[in-house]
Amino acid sequence: MSDDPTSNRRDRSRRLTARQYRSHLEVLDTHAARLLKSVPDELDEETRRETTRRLREIRAQINPLQIALRTHIDGDDSRSE
């Protein structure tokens, strides 16, 4: 890592932003998982199926982002040590 103070601040800011974004994604994923488990039985079959499908799609879109951010953050942390 560079000894340039501006570069160091920028790197720290980028890592902090990535951590915050990852945290928000984890909350969204947890919430989507809870919703998926609590789809009411009272809904008609088509609505239940569509709701379940959409919630799974949301989780499927969140997961790669979480992995990418985790890799990015972990990689940055190991370089800064």
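If you're wondering where the values come from, they're calculated on a predicted model, not measured in any experiment.

Looking now at the overall build of the chain. Summing up its helical and strand segments, the chain has two helices and zero strands in all. Looking at the chain residue by residue over its 81 residues, the buried ones come to 22%. Per element, the accessible surface of the chain, about 6200 Å² overall, is 51% carbon and sulfur.

Here we come to the pattern of salt bridges. Summed over the entire model, instances satisfying the criterion amount to eight salt bridges. Taking the shortest distance from any N to any O, the salt bridge between Asp29 and Arg59 comes out at 2.7 Å. Of the two residues, Asp29 is situated in helix α1 (residues 5-37) and Arg59 in helix α2 (residues 45-80); the sequence distance between them amounts to 30 residues. Of the charged contacts in the structure, one is a salt bridge between Glu50 and Arg53, with a shortest N-O distance of 2.8 Å. Of this pair, Glu50 and Arg53 are both found in helix α2, three residues apart, which corresponds to roughly one turn of the helix. Here Glu50 falls in the partly exposed class, since its relative accessible area comes to 31%.

Bringing the side chain of Gln66 into the picture now. With respect to the helices and strands, the residue Gln66 is situated in helix α2. For Gln66, a relative accessible area of 6% translates into the label buried.

Here we come to the environment of Glu57. Within the secondary structure, Glu57 sits in helix α2. Taking the C-alpha atoms as reference, Glu57 lies 9.8 Å from Ala32; in sequence the two are 25 residues apart. For Glu57, the side chain forms a polar contact with the side chain of Arg53, separated by 2.4 Å.

Counting through the fold element by element, Thr52 comes out in helix α2. The class of Thr52 is buried, set by a relative accessible area of 15%. The residues touching Thr52, leaving out its near neighbours within four places in the chain, are Leu36 and Val39.

Definitions and limits used
Residues numbered from 1 in each chain as written. Predicted model: local features only at pLDDT ≥ 70, side-chain atom pairs only at ≥ 80, totals over all residues. Heavy atoms only, no water. Helix = DSSP H or I, 4+ residues; strand = E, 2+ residues; numbered from the N terminus. Buried < 20%, exposed > 50% of the residue type's maximum accessible area, 1.4 Å probe, protein only. Areas by Shrake-Rupley, 256 points an atom, 1.4 Å probe, with all protein chains shown as cover. Salt bridge = Lys/Arg side-chain N within 4 Å of Asp/Glu carboxyl O. Polar contact = N/O pair within 3.5 Å; in protein donor to acceptor, adjacent residues only side chain to side chain. Contact = heavy atoms within 4.5 Å.

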